[in-house]
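One letter stands for each residue in the lines below.
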Amino acid sequence: MRYHSSRTLRDSDRQQLYRALDVFNIAAYFATADGKKELFGFGAQQETDVPEKLAGDIIFGGYAFDDQVIENSKLMNGIWFVPTIFVEIKQDKIYFESHSVSAFDNWIMQFKQATTKNMISRDLIGEIDWPTRTQKLIDVLATDEKLKKVVFGRQQQYALSEAVLISNLVQALTSQKNTYHVILKYQTELFISATPERLVKVSAGKLRTAAVAGTIRRGDTLIEDRLLGEMLLNSHKNQQEHQYVVNSIDQKLQGLTTNLQLPVHPILLQNKQVQHLYTPIVGDLIATYTVLDVVRKLHPTPALGGVPQEQALQYIKTHEKSPRGLFAAPIGYYTAHNSGEFVVGIRSMYVNQATHMATLFAGAGIVQDSNVAQEFKETDLKFEPMRQLLKRYANDN
Ligand SMILES: C=C(O[C@H]1C=CC=C(C(=O)O)[C@@H]1O)C(=O)O
């Protein structure tokens, strides 16, 4: 038996659903960058680390970035689940689906306003040798005949005074405009991302992806902002970094799609802290391929890995301090009707509620012409969405 219902969205619904994210042991939240759609998965009818084993109307989850295993974590090595309860908010409507709960209004009523917590976060020593290691990488890129680009990751740990309430985090996330807001929860582990980067969306046979690579900060005034944007559009180094991604997506999608449309020049994608070079790409997915086929084929694009892919991934494995887990990895959902959407888990953090530790992630595309000081600043800016989230969370309460 499957129960469906839908009705007009009420003022209290969102708060109660965010609160439900605190309550369920396994949960997912996926809000699109335009803010028009929010998906919630609560509880797991089935769960696994291999999505092919699952069957359900909708499946949430994420693959780990690569095959390195993170000790003492289930979430960061990749999880997938069919929710017991699925809720979607689309504009002013709310849709509910479940095998176990028949009356949505009774169900949602149990989630009352959370008591807020007074959380304090303290940053611990990060990777102080990141600039030295990045300079070494630039030297390698200058001499190695094959290696062209490596997206080099950096992690920063924070000690939290309390376990975090997801309901408060989601609220604080709303300050990050024009980005997806994605949360995966598995028992005491959380992964949170305010990412601007869609890996793929499939809907009614249409495939949409994008190249997002090449970064500059936002300006303090309108004029400075525009000037910085123009600098980015005209920067040879950033164009090159971006073009590797466009070419790779183009190549990978041949054979999976027809009518692939790739604009010749990138445009700007602007978030709160940074702006990126952005090339939206559209095509028709050949009907024999699934959303997951596309995810597996595209990941990792050179916006997260590098060029050539295998060599860059090996470099990342050997020279980054810790495995990435869900950082820069595909996270999202797909349905039994072969639709779905996946983003890459950047501008993100991992929270362990048992140890009260948060790990923040950032990475920068390094090419031969990169400058270490600039890349260091860029990764600092990329930490900022999650740093602000922790700060806002602390201050709001
Ligand atoms: C790896 C990250 O960003 C990627 C996505 C957009 C722009 C990037 C860049 O300009 O370096 C990176 O390739 C990150 O934010 O951690």
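Residues numbered from 1 in each chain as written. Predicted model: local features only at pLDDT ≥ 70, side-chain atom pairs only at ≥ 80, totals over all residues. Heavy atoms only, no water.

A. Seen up close, the UniProt feature "domain: Chorismate-utilising enzyme C-terminal" (unreviewed entry) in the protein. Sites flagged by UniProt as "domain: Chorismate-utilising enzyme C-terminal" (unreviewed entry) map to residues 132-382. Span residues 132-382 is 32% helix and 36% strand, its end C-alpha atoms 19 Å apart. (UniProt positions renumbered as here; feature names shortened; annotations may be inferred. Helix = DSSP H or I, 4+ residues; strand = E, 2+ residues; numbered from the N terminus.)

B. View of the packing of aromatic side chains. Following the criterion strictly, the structure yields 25 aromatic pairs and no others. The interplanar angle of 55° and the centroid separation of 5.1 Å between the aromatic rings of Y29 and F40 together place this pair among those described as tilted. Here Y29, found in strand 2 (residues 26-31), pairs with F40, found in strand 3 (residues 37-48); they are 11 residues apart in sequence, far enough to count as distant. Taking relative accessible area as the criterion, F40 reaches 0% and is therefore assigned buried. In textbook terms, an aromatic cluster arises when at least three aromatic residues are bridged by ring pairs, as seen for Y18, F24, Y29, F40, F42, F96, F104, W107 and F111. The residue whose ring lies beneath R324 is F65, and the NZ or CZ to ring-centre distance is 4.3 Å. (Phe/Tyr/Trp six-rings, centres within 6.5 Å; stacked < 30°, edge-to-face > 60°. Buried < 20%, exposed > 50% of the residue type's maximum accessible area, 1.4 Å probe, protein only. Lys NZ or Arg CZ within 6 Å of the ring centre and 35° of its normal.)

C. Summary view of the pairing of strand 2. Strand 2 sits mainly inside the fold: 6 of its 6 residues count as buried. Taking every second residue as pointing to the same face, both faces of strand 2 are buried, with I26, A28 and F30 on one and A27, Y29 and A31 on the other. Where strand 2 meets strand 9 (residues 181-186), 6 bridges bridge the pair, whose relative direction is antiparallel. By the bridge assignment for strand 9, A28 is matched with L184. (Pairing = 2+ DSSP bridges.)

D. Molecular detail of the side chain of S370. Considering the arrangement of structural elements, one finds S370 in the loop between strand 20 (357-367) and helix 9 (372-396). A polar side-chain atom of S370 sits 2.9 Å from the main-chain amide nitrogen of V367. At a separation of 3.3 Å, a polar atom in the side chain of S370 contacts the side chain of E375. If we skip the residues at most four places from it in the chain, S370 touches I138, K237, G365 and E375. (Polar contact = N/O pair within 3.5 Å; in protein donor to acceptor, adjacent residues only side chain to side chain. Contact = heavy atoms within 4.5 Å.)

E. Just helix 8 (residues 309-319), in detail. Every buried residue belonging to helix 8 is among A312, L313, Y315 and I316, and all of these are buried. Seen from one end, helix 8 has its buried residues packed into an arc of 155°, which puts them on one side. For helix 8, exposure combined with an orientation more than 90 degrees from the buried face picks out E310 and T318. Turning to helix 8, the residues buried within the fold contact helix 3 (130-143), strand 8 (149-160) and strand 16 (306-307). (Arc of directions from axis to C-beta.)

F. Geometry of the domain arrangement of the protein. Partitioning the protein into structural domains gives domain 1 (3-109) and domain 2 (121-396). With centres defined by C-alpha atoms, the gap from domain 1 to domain 2 works out at 23 Å. Taken together, the contact between domain 1 and domain 2 spans 44 residues of the former and 47 residues of the latter. Taken over both partners, the interface formed by domain 1 and domain 2 buries close to 3900 Å², and the fraction arising from carbon and sulfur atoms is 61%. A per-residue breakdown of the area domain 1 buries against domain 2 is headed by F30, F65 and L75, which together make up 21% of the total. Joining domain 1 to domain 2, the criterion identifies 2 salt bridges. D67 is the partner of K317 in a salt bridge, and the nearest nitrogen-oxygen pair spans 2.9 Å. Counting the contacts that link domain 1 with domain 2 gives 24 residue pairs in polar contact (both at pLDDT 80 or more). Sorting the residues of the side of domain 1 that touches domain 2 by element identifies helix 1 (13-23), strand 2, strand 3, strand 4 (58-63) and strand 5 (78-90) as the ones contributing at least two each. Counted by class, the side of domain 1 that touches domain 2 contains 25 nonpolar, 10 polar and 9 charged residues. (Domains from an automatic or database assignment. Buried area = accessible area lost by both parts, 1.4 Å probe. Salt bridge = Lys/Arg side-chain N within 4 Å of Asp/Glu carboxyl O. Nonpolar A, V, L, I, M, F, W, Y, C, P; charged D, E, K, R; others polar.)

G. Summary view of unusual backbone geometry. With an omega of -10°, the peptide bond between H299 and P300 qualifies as cis. Topologically, P300 is positioned in the loop between helix 7 (291-298) and strand 16. A cis amide bond links V307 with the next residue in sequence, P308, at an omega value of -10°. Inspection of the secondary structure puts P308 in the loop between strand 16 and helix 8. Positive phi values are uncommon outside glycine, yet N178 reaches one of about 60°.

H. The arrangement of the packing of helix 6 (residues 236-253) against helix 7 in detail. Interaxial distance between helix 6 and helix 7 falls to 10 Å at its minimum, and their mutual angle equals 135°. With respect to each other, helix 6 and helix 7 are oriented oblique. Note that helix 6 runs across helix 7; the crossing there is right-handed. Seen from helix 6, the contacting residues are I249, K252 and L253; seen from helix 7, they are V294, K297 and L298. Of the residues assigned to the contact of helix 6 with helix 7, the class counts are 4 nonpolar, no polar and 2 charged. (Axes fitted to C-alpha atoms, helices over the stretch in contact; angles between N-to-C directions. Parallel < 35°, antiparallel > 145°, perpendicular 65-115°, else oblique. Left-handed = near helix turned anticlockwise from the far one by under 90°.)

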